[in-house]
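Report on the structure
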Amino acid sequence: MITVPLEILNLNDDGFHLLVEVVVFGKHFKAVLDTGASRTVLDKSTVEEYIDRETLHLSDKLSTGLGTNSMESHILTIPEFKIGELTVPDFVTAVLDLSMINQAYQQADLGPVIGVVGGDILMKYGAVIDYLHHRLSFQEKLA
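What this report covers is the structure whose coordinates are included nearby. (Residues numbered from 1 in each chain as written. Predicted model: local features only at pLDDT ≥ 70, side-chain atom pairs only at ≥ 80, totals over all residues. Heavy atoms only, no water.)

**Focus on the nonpolar core**
Soluble, globular proteins show a tendency: their nonpolar side chains are buried together. Basically, it comes down to this: Take the buried residues of types Ala, Val, Leu, Ile, Met, Phe, Trp, Tyr and Cys, join any two whose side-chain atoms come within 4.5 Å, and each joined set is a nonpolar core. Each residue is placed in one exposure class: buried if its accessible area under a 1.4 Å probe, protein chains only, is under 20% of its type's maximum, exposed if it is over 50%, and partly exposed if it falls in between. Whether two residues are in contact is decided by their heavy atoms: any pair within 4.5 Å suffices.
The biggest cluster of nonpolar side chains holds 29 residues, and the ones touching the most others in it are Val20, Val22, Phe81, Ile83, Val117, Ile121 and Phe138. In this view, Val20 contacts Val4, Pro5, Leu6, Phe29, Lys30, Ala31, Ile83, Val117 and Leu136; residues no more than four positions away in its chain are not counted. Counting residues in each nonpolar core, the second largest holds seven residues, with Ala37, Tyr105, Val113 and Val116 among its members.

Spelled out as structure tokens, the structure:
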């Protein structure tokens, strides 16, 4: 079992967000853990700081959620995506403009996030969220 700490944010007594540290491009970032998101998504402007734009491939699917059903999305293969000791090699992820999420976090005096960890990773690796102890666990050998 792989276990990583979660940061639980109380959003002005109006709900909670779960944050987890991820490593992408060899750098540490915070990401929102979202059990309602079908896929893991990274922020386009952040990703473009670390890659050549030609590496992004325009997806033929429009993303839904985030208040819209017509957001242009891109696909990117990341050589290594890490959450704690969980390493996902050659991880294919969606890349969207998440500036609205980061603006909301900045208004709440929180730092920016690189994206959202979604159901693709949570399901594949048998994730279990322990709210009481503020941790996220993965099965090691499910991939």
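**Considering the environment of Ile2**
Short version of the rule: Going along the chain from the N terminus, every DSSP run of H or I of four or more residues is numbered as a helix, and every run of E of two or more is numbered as a strand.
With respect to the element layout, Ile2 can be found in strand S1 (residues 2-5). You can call Ile2 buried: its relative accessible area is 10%. Counting along the chain gives 136 residues from Ile2 to Phe138, while the straight-line C-alpha distance between them is 5.1 Å. Beyond its immediate chain neighbours, meaning those up to four positions away, Ile2 contacts Ile83, Glu85, Leu86, Leu136, Ser137, Phe138 and Glu140.

**A word on unusual backbone geometry**
A positive phi angle, near 60°, is found at Phe25, a position not held by glycine. Structurally, Phe25 can be placed in the loop between strand S3 (16-24) and strand S4 (27-33). The exposure class of Phe25 is partly exposed, given its relative accessible area of 24%.

**Section: the sheet that holds strand S13 (residues 135-138)**
Put simply, the rule reads: If DSSP finds at least two bridges between two strands, the strands pair. Angles run from 0 to 180 degrees between N-to-C directions of axes, and those axes are lines fitted to C-alpha atoms, restricted for helices to the stretch in contact.
Spatial ordering of the open sheet is given by S1-S13-S12, a layout of three strands whose pairing is antiparallel. Bordering the open sheet on either side are S1 and strand S12 (128-130), each of which pairs with just one other strand. Shown here is a sheet whose adjacent strand axes are inclined to one another by a mean of 20°, direction ignored.

**So, the packing of aromatic side chains**
The criterion, for reference: Pairing of aromatic rings covers Phe, Tyr and Trp, the last counted by its six-membered ring, and requires centre-to-centre distances within 6.5 Å; plane angles under 30 degrees mean stacked, over 60 mean edge-to-face, and any other angle means tilted.
The tally for this structure, following the rule as stated, stands at three aromatic pairs. Ring centres 5.3 Å apart and planes at 10° place the aromatic pair Phe25 and Tyr50 in the stacked group. Of this pair, Phe25 sits in the loop between S3 and S4 while Tyr50 sits in the loop between helix H1 (44-47) and strand S6 (57-58); the two residues are 25 residues apart in sequence, bridging distant segments of the chain. A ring pair is formed by Phe29 and Tyr50, whose centres lie 5.8 Å apart and whose planes are at 85°; its orientation type is edge-to-face. Here the residue Phe29 occupies a position in strand S4, and Tyr50 occupies one in the loop between H1 and S6, the gap between them amounting to 21 residues.

**Let's talk about the environment of Ile83**
Inspection of the secondary structure puts Ile83 in strand S9 (residues 74-83). Since its relative accessible area comes to 1%, Ile83 is described here as buried. In the structure, Ile83 is positioned 80 residues away from Thr3 in sequence and 9.2 Å away in space, judged by C-alpha atoms. Beyond its immediate sequence surroundings of up to four residues, Ile83 is in contact with Ile2, Val4, Val20, Glu21, Val22, Val117, Ile121 and Phe138.

**Quick word on the pattern of salt bridges**
Put simply, the rule is: A carboxyl oxygen of Asp or Glu within 4 Å of a side-chain nitrogen of Lys or Arg is what we treat as a salt bridge.
Under the counting rule described, the total for this entry stands at three salt bridges. One salt bridge in this structure joins Lys44 and Glu48, with 3.0 Å as the shortest N-O distance. Between Arg135 and Asp130 there is a salt bridge, with the nearest N and O atoms lying 3.4 Å from each other. Taking the relative accessible area as the measure of exposure, Arg135 reaches 34% and is therefore partly exposed.

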